Every structure is written in structure tokens, then in C-alpha cells.
Amino acid sequence: MIYLDNSATTKPNPAVLESFQQASERFFANPSSIHQLGGEAEKLLSKAREQAAQLLHVQRDEIVFTSGGTEGNNMAIKGTALEHQGRGKHIITTAIEHSSVDEAFKGLEQLGFDVTYVPVDENGVISVSELSDAIRDDTILISIMHVNNELGSVQPIREIGQIAKQYPKLFFHVDHVQGLGKVPLELAGSGIDLCTISGHKIHGLKGTGLLCVKQGTTLFPLFHGGNQEQALRSGTENLAGSVSLVKALRLTLERQSKGIPHMFQLQQVLRHKFSGMDTVKINTPDDAAPHIMNISVPGLKPEVMIHTLGEQKIYISTKSACSSKQSDESKILTECGHGTDRSTSALRISLAYDTTEEEIRTFLDALEQAIHQLKAVME
Ligand SMILES: Cc1ncc(COP(=O)(O)O)c(C=O)c1O
């Protein structure tokens with residue numbers, strides 16, 4: 001099997017699975033229970049929180065464990081909007097966010113919030129000055145993804161953070177789900193108030209994640225109940241999930257200094273090959289994150305290609321897994337200014353630290369052959 005769909009999800013690391021199982025078996029008690037077993041579970045949770053904070057260079061009480069990226073994004077966006085609406089109802093995001101951000105903004109629009117969707121250029125990047133111009137007296141939130149999940153384009157988060165800092169009453173949220181372990185982002189001193197991370201994109205488990213909530217950032221909770229996770233996320237804690245997430249986070253951060261250049265090198269192999277194929281158009285910009293390569297093969301239906309490669313146990317994807325069952329057209333590519341020939345024929349190849357050059361070369365041979373055969377059938 002050659003798995004090149006790591007932006008959709010990654011294979012769990014065996015060490016992560018082991019930590020989940022151990023924590024589940026040995027620390028199954030409810031951390032809120034006052035007996036000794038509950039106390040031990042609470043201690044382990046607190047240790048996991050401490051470790052996550054150390055790894056991310058933030059404070060312990062700035063870590064809120066969640067069920068993943070979708071929850072983290074909704075908690076940050078709706079939580080900020082609902083809590084601070086008395087001060088203003090203008091919120092800003094980009095035109096190419098993941099659906100968990102985009103739909104949260106659409107939902108808030110229905111509740112009467114005024115949204116500015118900052119457009120992107122042909123490389124899928126916003127203009128910092130355009131963003132800056134969009135800020136108004138009643139703006140309470142800016143939410144911008146670090147790395148785009150379809151294209152790999154990287155937004156200028158550091159510069160935006162510096163702008164956000166000039167507006168102390170405005171909160172800045174970053175969806176870092178595709179960036180973690182691929183494009184380093186230092187949170188301390190960045191101007192970022194809220195940052196979303198998901199476990200299953202970094203060889204952790206589905207249903208795990210965290211939201212960094214900077215001290216002084218207040219949110220209206222989406223879940224009310226027993227006041228767990230600093231009353232931001234009521235519900236009995238997923239202790240084993242949180243422990244396993246911290247393990248995945250540590251392993252990823254330990255490996256990134258070698259893993260990132262390795263993926264860049266593989267991306268170059270892909271880029272070099274694709275730039276010599278006249279049937280292929282490269283959509284991912286040159287300065288993108290290392291793990292994503294998005295191409296279009298105009299005239300070919302992506303699902304046919306996915307199927308053909310899948311028969312050879314080679315797995316790539318069309319666009320983001322969350323939207324790939326909906327329509328052929330990529331909203332992201334359309335926002336970048338591409339026509340339907342390109343926006344309806346996109347394929348995404350996404351890498352992991354363990355992807356090998358041999359796998360990439362086998363994939364490229366199979367892809368070239370498949371394009372050749374499919375084009376021949378159409379003629
Ligand atoms: C950029 C981005 N944000 C958020 C999410 C949602 O994360 P999760 O699957 O953990 O809910 C994804 C998942 O594809 C993503 O790529």
C-alpha cells in the first residue's frame with residue numbers, strides 16, 4: 001500500500017496507540033471523582049496538560065483538550081463571537097478556510113454577525129494590507145488558517161499577529177491543523193489568542209485535539225455541564241485521548257527537524273516530474289507547506305483517477321476529505337482564480353515523514369500510466 005492522503009488523516013503511531021490503551025486500562029476512573037482512583041486520573045490529566053503546554057511553549061491553563069479540529073475551530077470562533085458580541089459584531093476570515101471555520105462563520109452570519117471574507121491571490125495567499133484595511137472599530141475576531149488543507153499555501157500568520165496585537169480588543173484565531181509539524185509556528189509573543197490543533201493529522205487518534213486559549217481570552221462555552229476543561233468544555237474528560245494526543249505531539253515535534261526537509265525533498269521530486277508533464281497543471285505554489293502537492297489533470301475526472309490508483313493500492317485524494325463527497329468543483333481553486341477545467345479536475349497528494357522516495361516514484365509511474373490510459377479511452 002502507498003498511502004498519500006496524509007492531509008485527510010494519518011496512520012496512528014503504535015506508541016500513541018499504546019499510550020491510549022495503557023491510560024484507558026490503568027486510569028479509567030473519572031478525574032472528577034474524589035476517591036483515590038479519580039485523584040490519580042486527575043493527576044495524569046494534569047501532567048498531560050503540563051506536557052502539552054511545555055511542548056507548545058504556552059501556560060498550562062492555556063490548554064483546552066477537545067475532540068479535534070472541528071471542535072477547536074467552533075469553540076474558538078463561536079465562543080469568541082457569542083462572548084464578545086456586545087462590543088461589536090464584525091468578524092473576519094478568509095475565502096479559503098476549512099469548512100469547520102467557513103460554516104461556523106456562515107452560522108454566525110445567520111445570527112446577525114457581519115463577516116468579511118478576505119480574498120486570496122492565485123497562490124492561495126491573502127494580502128496583509130487588505131486584511132488590515134478590513135479591520136473596523138467593531139471587529140472582534142480574525143480567524144485565519146495557517147496552512148491550507150487542499151493547496152498547502154501558507155498564510156503570513158506572524159505578520160497578521162503583529163497587526164492583531166495593535167488591537168487589544170480583537171481576538172486572533174489560527175487554525176493550525178495542517179501546519180503542526182510541517183510549518184513551525186511559535187505561539188509565544190505571536191499575537192495569537194486561540195490556536196487549533198487536531199490529533200489525527202499528526203499520527204494521533206481521531207477524536208483528540210486541543211485549543212490553546214491565551215490567558216485573558218474569554219469564550220462562551222459551546223457545551224454546558226460539569227465545568228470540565230476550565231468550564232469551556234463540559235463533559236467527562238477523554239483522559240486516554242488527551243494522554244495519547246500529547247504523545248503524538250511530542251513525537252511529531254521531535255521528528256520535525258528531519259521530517260520537514262525530507263518532505264520538501266519529496267515534494268520537489270513531485271514538482272519536477274509534474275512540471276515536465278503537459279497533461280498536468282500544478283496548483284500548489286512554490287513556497288507552500290512541504291506535505292501537500294495539488295495538481296489538476298484537465299479533462300480527467302478525479303474520482304476515476306482515484307479509483308484507478310486505488311486498484312493498485314495507491315491512495316491519494318481529490319480535495320479535502322470533508323468536502324470531497326459533495327461536488328467535483330474545488331471552491332479553493334475557484335477562489336484562486338482557476339477556471340472549471342482546473343477546479344473540477346484536482347488531485348491532492350499529501351505526504352508524511354515516513355513517506356519514501358521509492359513510494360513517490362512508484363506513484364508517479366502509476367499516475368503517468370493511468371493518465372495515458374484514461375486519455376486514450378476518451379479519444
Ligand atoms: C485545515 C483544517 N482544519 C480543520 C480540520 C478539521 O479537523 P478534524 O478532522 O480534527 O475535525 C481539518 C481536517 O481536515 C483541516 O484540514
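Our subject is the structure that appears above.
About the criteria used
Residues numbered from 1 in each chain as written. Predicted model: local features only at pLDDT ≥ 70, side-chain atom pairs only at ≥ 80, totals over all residues. Heavy atoms only, no water. Salt bridge = Lys/Arg side-chain N within 4 Å of Asp/Glu carboxyl O. Helix = DSSP H or I, 4+ residues; strand = E, 2+ residues; numbered from the N terminus. Buried < 20%, exposed > 50% of the residue type's maximum accessible area, 1.4 Å probe, protein only. Phe/Tyr/Trp six-rings, centres within 6.5 Å; stacked < 30°, edge-to-face > 60°. Lys NZ or Arg CZ within 6 Å of the ring centre and 35° of its normal. 1 Å grid on protein atoms, 1.4 Å probe; cavity = no way out; pocket = protein on both sides within 12 Å on 5 of 7 lines; lining within 4 Å. Points joined across faces, edges and corners; volume = space filled by probe spheres on them. Nonpolar A, V, L, I, M, F, W, Y, C, P; charged D, E, K, R; others polar. Domains from an automatic or database assignment. Disulfide = S-S within 2.5 Å. Contact = heavy atoms within 4.5 Å. Polar contact = N/O pair within 3.5 Å; in protein donor to acceptor, adjacent residues only side chain to side chain.

Caption draft 1: Broad picture of the pattern of salt bridges. Considering all chains together, one arrives at 12 salt bridges under this definition. For Asp-102, the salt bridge is made with Lys-106, and the minimal N-O distance between the two is 3.1 Å. Linking Asp-102 with Lys-106, this pair stays in helix 4 (residues 99–110), spanning 4 residues, or about one helical turn. On the basis of relative accessibility, which here comes to 32%, the residue Lys-106 falls in the partly exposed class. Glu-254 serves as the salt-bridge partner of Arg-250, at 2.9 Å between the closest nitrogen and oxygen.

Caption draft 2: Fine view of the packing of aromatic side chains. Applying the stated criterion across every chain yields a total of 0 aromatic pairs. Positioned above the aromatic ring of Phe-113 is the side chain of Lys-89, whose terminal nitrogen or guanidinium carbon lies 5.0 Å from the ring centre.

Caption draft 3: Broad picture of empty space enclosed by the protein. Applying the stated criterion across every chain, the model contains 1 cavity of 30 Å³ or more. By volume, the largest cavity is sized at about 80 Å³. Lining the largest cavity are Asn-6, Thr-10, Gly-181, Lys-182, Lys-201, Ile-202, His-203, Thr-252, Met-263, Leu-351, Ala-352 and Tyr-353. For the lining of the largest cavity, a count of residues per class yields 5 nonpolar, 5 polar and 2 charged. For the lining of the largest cavity, the two domains that each supply at least three residues are domain 1 (2–8 + 256–378) and domain 2 (14–251).

Caption draft 4: Focus on the state of the cysteines. All told, the structure shown has 0 disulfides when counted by the stated rule. Cysteine Cys-212 is unpaired, with the sulfur of Cys-195 as its nearest cysteine sulfur at 5.4 Å. On the basis of relative accessible area, Cys-212 is assigned to the buried category, the value being 5%.

Caption draft 5: Broad picture of the environment of Gln-85. Its place among the elements puts Gln-85 in the loop between helix 3 (69–84) and strand 3 (90–94). Distance in space between the C-alpha atoms of Gln-85 and Ile-140 is 7.6 Å, their sequence separation being 55 residues. The contact partners of Gln-85, leaving out residues within four places of it in the chain, are Phe-113 and Ile-140. At 3.2 Å, the side chain of Gln-85 and the backbone oxygen of Leu-82 are in polar contact.

Caption draft 6: Inspection of the layout of surface pockets at higher detail. Counted as a void, the largest pocket has a volume near 390 Å³. Asn-6, Lys-11, His-203, Ala-352 and Asp-354 are, among the 20 residues lining the largest pocket, the residues nearest its centre. Breaking the lining of the largest pocket down by element, the ones donating at least two residues are strand 1 (2–3), helix 1 (14–26) and helix 7 (239–275). The element contributing the most residues to the lining of the largest pocket is helix 7, with 4 residues.

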